[in-house]
Amino acid sequence: MIDDTRRRRRLAALARSALTAYDVPVARLTAMAKGFNTTFRVNGADGRRYVLRVQRPDGPSPEMVRSEALWLRALRRDTTLAVPEPVPTRTGDLLTVAEHAEVPAARSCVLYHWVDGRFLDTTLTTAHLRRVGAFTAHLHLHSARWTAPAGFTRGRVDAVTEPGRRAATPPQEEAEQAAKLVERVHSAAGAEIVRTVTERVRRVRDALGHGPDAYGLIHGDLHQENYLFHRGEVRAIDFDDCGYGHFVYDLAVTASELAHLPHAADLRAALLAGYRAVRPLPASHEDAIGVFTALRRLQLTLWVVRERAQPMFRDDWRDRVTRGLESAARAL
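Because the structure is predicted, anything quoted here is derived from the model rather than measured.

### Notes on the packing of aromatic side chains
With the rule as written, the count across this model stands at 6 aromatic pairs. Ring geometry for F152 versus Y244: centroids 6.4 Å apart, planes at 85°, classification edge-to-face. Of the two residues, F152 is situated in the loop between α3 (126-145) and α4 (162-166) and Y244 in strand β9 (residues 243-246); the sequence distance between them amounts to 92 residues. The buried category is assigned to F152, whose relative accessible area is 12%. Arranged with centres 5.1 Å apart and planes meeting at 90°, the rings of W303 and F313 form a pair that is edge-to-face. With W303 in helix α10 (residues 289-306) and F313 in the loop between α10 and α11 (317-331), this pair connects stretches of sequence that are 10 residues apart. Three or more aromatic residues link up through ring pairs in this structure, and these residues are W146, F152 and Y244. Taking NZ or CZ as reference, R308 lies 5.8 Å from the ring centre of W317, over its face.

Here it is, written out as C-alpha cells:
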C-alpha cells in the first residue's frame, strides 16, 4: 500500500507538470480509479472539469496516443456523437510528454473535457442497448467515410495480445507465439484452444474481407464501463484501445460483456436491432459475432497470462486462464 501511495504521489507530480502545457487554471487534482493507465480528475479554477490520462510506460506510442485524439476530434467535428473532446496544448498539440525525476520514464499525457453520465449494468434495459447499438453504427459510419491524416497510427484490434496491437508481426505468427507461451506456462490443451480460436478467426476475417463495409477504425472496448447515459443520451469514453478491425468486433465486445445478466439475450437482440436501424448488418456479419466473442475472451485470457506476476493475478492466474480458455472455446 505504501509503495502504491508513493507511486500515485509521484505520478500526481508528473501530472501537475503535464498540466502546465495547457491553458487550464487548475484548482484541484484528484486521482481516479486505478486502471492500466493513471487518470486524474482536474477541477479547473474556471469551473470546468477535465480528465488527464497519464499513459502507462509500456502502452501506445506518442504517435498512437495522438492519433486516438485526432479521431476523437474528428468525431466531435463531424458527428453529434457524445465522445471525449481532447484539449489542445498551448502549442496546439493533442498530447504532451511529461517527465518527473522520480518517475522512471517519460509519459504521454492527454487532457479531455469531462463527460457527464451514469454507468449502468444490472439496470440496463433493451431501450439502453438499442441506443448503444445505434451509437455504434453511427461510429462505424464515420469510420467508413473518414480519411485519416498522414501519420495516423493505430494498431490491429484483432491481435491476440496487447503487444501485437502495436507490432507489425503477421497475425498467424503472433497467434503461434501466443500458443507456445500458453503451452509453456499452462498446458498443451490450452495451446490447442489458442490455435483453434485464432484459425477460426482467420477464416472469418478473410471471408468478411477488409472493405469499408466490414472493416475500419473501431472503438475496440465498448462495454459497460466505457459507455454511459446522460439524460437519455448514450456516451462513450476510453478510446485507448481503438484501432483497425472488423466492425462486428465492437458488437461482439458489447454483447459478450452482457452475458452475466439474466436478460442478456434480450439485450443482445436490442443491441443488434439498434445497429440495424442505422447501418446494415448482413447475416454473415451477425453470424461472426460468436467467433469474435471467442477472440475477445482469448485476448482477455492472454492478458492474464502476460500479467500473471502482478499482485491481482499472482495467486489464481492459472485458474483464471483455465476458465478463460474454456469460455473462449465455448463461444465458438
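Picking up after the structure, the text goes on.
### Some remarks on the environment of P84
Counting through the fold element by element, P84 comes out in the loop between α2 (62-78) and β4 (96-98). Separated by 65 residues in sequence, P84 and P149 place their C-alpha atoms 20 Å apart. When residues no more than four places from it in sequence are discounted, the contact partners of P84 are L72, R76, Y112, V115, A236, I237 and F239.

### A look at the layout of surface pockets
Where empty space is left becomes clear once a probe the size of a water molecule has been rolled over the atoms. One number sums up the size of the second largest pocket: a volume of about 200 Å³. Lining of the second largest pocket is provided by R297, L300, T301, W303, V304, F313, R320, R323, G324 and S327. For the lining of the second largest pocket, the secondary structure elements donating two or more residues are α10 and α11. By residue number, the principal contributor to the lining of the second largest pocket is α10, which donates 5 residues. Grouping the amino acids of the lining of the second largest pocket by side-chain chemistry returns 4 nonpolar, 3 polar and 3 charged.

### A short note on the pattern of salt bridges
Within this structure, the stated rule accounts for 24 salt bridges. Between D116 and R49 there is a salt bridge, with the nearest N and O atoms lying 2.7 Å from each other. Taken together, the positions of D116 in the loop between β5 (107-113) and α3 and R49 in strand β3 (residues 49-54) put the pair 67 residues apart, joining distant regions of the chain. On the basis of relative accessible area, D116 is assigned to the partly exposed category, the value being 32%. By relative accessible area, which is 34% here, R49 ends up partly exposed. A single salt-bridge network, built from bridges that share partners, covers R53, R56, D58, E68 and D240.

### Looking at the UniProt feature "domain: Aminoglycoside phosphotransferase" (unreviewed entry) in the protein chain
Under the present numbering, the feature "domain: Aminoglycoside phosphotransferase" (unreviewed entry) in UniProt falls on residues 37-278. Secondary structure over residues 37-278 splits into 42% helix and 16% strand, and the C-alpha atoms at its two ends are 33 Å apart.

### Here's the deal with empty space enclosed by the protein
In this structure the tally under the stated criterion is 1 cavity of 30 Å³ or more. Taken as a whole, the largest cavity spans an internal volume of roughly 80 Å³. Lining the largest cavity we find R56, P60, M64, R154, G155, E162, R165, R166, D240, D241 and C242. A per-element tally of the lining of the largest cavity places α4 first, with 3 residues.

### Here we look at the nonpolar core
In globular proteins that are soluble, nonpolar side chains generally tend to be buried together. Residues W71, L124, L129, Y227, F239 and F292 are the most contacted members of the largest nonpolar core, which totals 74 residues. In terms of residues, this core owes the most to one element, α10, which gives 9 residues. Of all hydrophobic cores here, the second largest spans 19 residues; its members include L14, V24, A98 and V103.

### Considering the sheet that holds β4
What holds strands together in a sheet is hydrogen bonding between their backbones, with the strands either parallel or antiparallel. The 5 strands are arranged β1-β2-β3-β5-β4 in an open sheet whose pairing can be described as antiparallel. The open sheet is flanked by β1 (26-31) and β4, the only strands paired with a single partner. Taking each pair of neighbouring strands and ignoring which way they run, the sheet shows an average axis angle of 30°. Note: β4 against β5, 3 bridges, orientation antiparallel. Its bridge partner being in β5, A98 is matched across the sheet by R107. Here α2 sits on the sheet in contact with β3 and β5, set at roughly 10° to β5.

Analysis parameters
Residues numbered from 1 in each chain as written. Predicted model: local features only at pLDDT ≥ 70, side-chain atom pairs only at ≥ 80, totals over all residues. Heavy atoms only, no water. Phe/Tyr/Trp six-rings, centres within 6.5 Å; stacked < 30°, edge-to-face > 60°. Helix = DSSP H or I, 4+ residues; strand = E, 2+ residues; numbered from the N terminus. Buried < 20%, exposed > 50% of the residue type's maximum accessible area, 1.4 Å probe, protein only. Lys NZ or Arg CZ within 6 Å of the ring centre and 35° of its normal. Contact = heavy atoms within 4.5 Å. 1 Å grid on protein atoms, 1.4 Å probe; cavity = no way out; pocket = protein on both sides within 12 Å on 5 of 7 lines; lining within 4 Å. Points joined across faces, edges and corners; volume = space filled by probe spheres on them. Nonpolar A, V, L, I, M, F, W, Y, C, P; charged D, E, K, R; others polar. Salt bridge = Lys/Arg side-chain N within 4 Å of Asp/Glu carboxyl O. UniProt positions renumbered as here; feature names shortened; annotations may be inferred. Core = buried A, V, L, I, M, F, W, Y, C linked by side-chain atoms within 4.5 Å. Pairing = 2+ DSSP bridges. Axes fitted to C-alpha atoms, helices over the stretch in contact; angles between N-to-C directions.

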